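So the chains spell out like this:
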Amino acid sequence: MEDREIIDLYWARDEQAISATDEKYGAYCYTVANNILYNDEDSSECVNDTYFRAWNDMPPSRPSVLKLYLARIVRNLSLDRYRANHTAKRGGGEFAVLLDELAEVIPDRSLVEDQVETRELSAAIERFLGTLSERDRGVFLQRYFYAASGEEIAEKFGLKATHVAVILNRVRGKLRANLEEMGYSV
């Protein structure tokens, strides 16, 4: 079923929208969630919560790209679940390492005083990503949006895991320099 047809089912409040979404994007959403959570039960719950959120958001929302719309929802839900599962007393995890990698580059959100500055920072990062080669941008997004492991990224792009690590390190360095040049304290 085409995305437009699935979105039309949501707008018609037809419950088949959920099963059509699950059939087309269920495995994809699960992968996004599980790359963050590394827990089958929590990942499945986040996928189900994603469908519920999509049901409640459409209408009035009419996403232009359903796959990315669902990815954003499942990613945010998974991050919330991750934070709840990994409080200071419960220890860290693989995703904590990922966040630490970016913490060296992205200014602390508590230092960003309002939403306008946050949007400006987001736009600056988007512009920076637009300057990267397709491969480097893809590697960066796989790691920091989809939380894919170095090995998964290497397999997807036909690289060695060590080469992926070098690319990520180089891109983070360029991002840091770019943001500092724009006046952000990193």
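Since the model is a prediction, treat every value here as computed from it, not as a measurement. (Residues numbered from 1 in each chain as written. Predicted model: local features only at pLDDT ≥ 70, side-chain atom pairs only at ≥ 80, totals over all residues. Heavy atoms only, no water.)

> Let's hear about the packing of aromatic side chains: which residues, and what values?
Counted by the stated rule, this structure contains 4 aromatic pairs. Seen from their ring centres, Tyr 28 and Tyr 146 are 6.2 Å apart, and the 65° between their planes marks the pair as edge-to-face. With Tyr 28 in helix α2 (residues 16-37) and Tyr 146 in the loop between α7 (134-144) and α8 (150-157), the pair connects residues that are 118 residues apart, well separated along the chain. Accessibility classification places Tyr 28 together with Tyr 146 in one group, the buried group. Taken together, the aromatic side chains of Tyr 28, Phe 145 and Tyr 146 make up a single cluster linked through ring pairs. For Arg 13, the ring lying beneath its charged end belongs to Trp 55, and the centroid distance is 4.1 Å. The side chain of Arg 62 reaches across the aromatic face of Trp 11, ending 4.4 Å from its centre. (Phe/Tyr/Trp six-rings, centres within 6.5 Å; stacked < 30°, edge-to-face > 60°. Helix = DSSP H or I, 4+ residues; strand = E, 2+ residues; numbered from the N terminus. Buried < 20%, exposed > 50% of the residue type's maximum accessible area, 1.4 Å probe, protein only. Lys NZ or Arg CZ within 6 Å of the ring centre and 35° of its normal.)

> Could you give me a rundown of the environment of Asp 80, with the residues and numbers involved?
Structurally, the position occupied by Asp 80 is in helix α4 (residues 66-85). Take Asp 80: its relative accessible area is 47%, and that puts it in the partly exposed class. For the pair formed by Asp 80 and Cys 46, sequence separation is 34 residues and the distance between their alpha carbons is 9.7 Å.

> With reference to specific residues and values, describe the nonpolar core.
Counting residues in each nonpolar core, the largest one holds 30 residues, and the members touching the most others are Tyr 10, Cys 29, Met 58, Leu 66, Tyr 69, Leu 70 and Val 74. Elements represented by at least two residues in this core include exactly α1 (3-11), α2, α3 (40-57) and α4. Residues in contact with Tyr 69, not counting those within four places in the same chain, are Ala 54, Asp 57, Met 58, Ser 61 and Pro 63. Residues Phe 140, Leu 159, Ile 167 and Leu 168 belong to the second largest nonpolar core, which totals 19 residues. (Core = buried A, V, L, I, M, F, W, Y, C linked by side-chain atoms within 4.5 Å. Contact = heavy atoms within 4.5 Å.)

> Which residues make up the side chain of Ser 78, and what values do they have?
Position of Ser 78 among the secondary structure elements: in helix α4. For Ser 78, the contacting residues outside a window of four places in its chain are Ala 33, Ile 36, Leu 37 and Cys 46.

> Just give me the short version of the pattern of salt bridges, but keep the residues and values in it.
For the coordinates displayed, the defined rule picks out 6 salt bridges. Across the pair Arg 62 and Asp 8 runs a salt bridge, and its minimum N-O distance is 3.1 Å. With Arg 62 in the loop between α3 and α4 and Asp 8 in helix α1, this residue pair connects regions lying 54 residues apart in the sequence. Taking the relative accessible area as the measure of exposure, Arg 62 reaches 45% and is therefore partly exposed. The exposure class of Asp 8 is partly exposed, given its relative accessible area of 33%. In this structure, Glu 45 engages Arg 81 in a salt bridge whose closest nitrogen and oxygen atoms are separated by 3.2 Å. Here the residue Glu 45 occupies a position in helix α3, and Arg 81 occupies one in helix α4, the gap between them amounting to 36 residues. When salt bridges with common partners are traced through the structure, they connect Arg 4, Asp 8 and Arg 62 into a single cluster. (Salt bridge = Lys/Arg side-chain N within 4 Å of Asp/Glu carboxyl O.)

> Explain the packing of α2 against α4 residue by residue, including any values.
Interhelical geometry of α2 versus α4 gives an angle of 35° and a closest axis separation of 9 Å. For α2 against α4, the interelement crossing comes out right-handed. Packed against α2, whose contacting residues are Thr 21, Tyr 25, Tyr 28, Cys 29, Val 32, Ala 33, Ile 36 and Leu 37, the element α4 presents Leu 66, Lys 67, Leu 70, Ala 71, Val 74, Arg 75, Ser 78, Leu 79, Arg 81 and Tyr 82 at the interface. Taken together, the residues of the contact of α2 with α4 sort by class into 13 nonpolar, 2 polar and 3 charged. (Axes fitted to C-alpha atoms, helices over the stretch in contact; angles between N-to-C directions. Left-handed = near helix turned anticlockwise from the far one by under 90°. Nonpolar A, V, L, I, M, F, W, Y, C, P; charged D, E, K, R; others polar.)

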